[in-house]
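A closer look at the structure
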Amino acid sequence: MYYKVREPILYTGLERESVLLNLESGGYFSVNSVGDRVLSILMKRPSTVEELTYEITLEYAISRESAERDIQGFVQDLVEQGLLETVDGRDGS
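These lines cover the structure that appears in this document, whether it is placed above or below. (Residues numbered from 1 in each chain as written. Predicted model: local features only at pLDDT ≥ 70, side-chain atom pairs only at ≥ 80, totals over all residues. Heavy atoms only, no water.)

Focus on the nonpolar core
Counting 20 residues, the largest nonpolar core has Ile71 and Leu78 as the members making the most contacts within it. If you tally residues by element for this core, the top one is helix H3 (residues 64-80), at 5 residues. (Core = buried A, V, L, I, M, F, W, Y, C linked by side-chain atoms within 4.5 Å. Buried < 20%, exposed > 50% of the residue type's maximum accessible area, 1.4 Å probe, protein only. Helix = DSSP H or I, 4+ residues; strand = E, 2+ residues; numbered from the N terminus.)

Below, the structure written as structure tokens:
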């Protein structure tokens with residue numbers, strides 16, 4: 001399953017965190033530096049949890065198991081908040 005950032009979502013980086021704003025609901029969600037990295041990947045292309053886990057474990061000192069668990073929870077939270085959606089493939093459809 002691929003995840004992508006929904007439209008219309010604004011995403012901006014601040015000094016110590018990043019923020020997603022859902023323009024439809026007015027809700028926002030702030031994330032730390034690891035969440036910011038996950039979101040920067042998803043802003044470029046739809047990705048699976050496995051792909052996100054691979055990228056994060058290359059950049060941060062974290063085990064694959066821990067990263068995968070945390071990323072799965074993170075993307076689920078964002079889906080529930082209406083900030084991410086699931087798509088069938090990398091092309092975003």
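A closer look at unusual backbone geometry
Each neighbour pair has its own omega, and for glutamate 7 with proline 8 the value is 0°, a cis peptide bond. Tracing the backbone through its elements, the reader meets proline 8 in the loop between strand E1 (2-5) and strand E2 (9-13).

Topic: the side chain of serine 40
Here serine 40 shows up in helix H1 (residues 33-44). Of the residues examined, serine 40 reaches a relative accessible area of 19% and is grouped as buried. One polar contact links the side chain of serine 40 to the main-chain carbonyl oxygen of arginine 37, over a distance of 2.8 Å. (Polar contact = N/O pair within 3.5 Å; in protein donor to acceptor, adjacent residues only side chain to side chain.)

Digging into the sheet that holds E2
With antiparallel pairing, the 3 strands of this open sheet are ordered in space as E2-E3-E4. A single partner strand is all that each edge strand has here, and the edge strands are E2 and strand E4 (28-31). For this sheet, the mean inter-axis angle between neighbouring strands, taken without regard to orientation, is 15°. (Pairing = 2+ DSSP bridges. Axes fitted to C-alpha atoms, helices over the stretch in contact; angles between N-to-C directions.)

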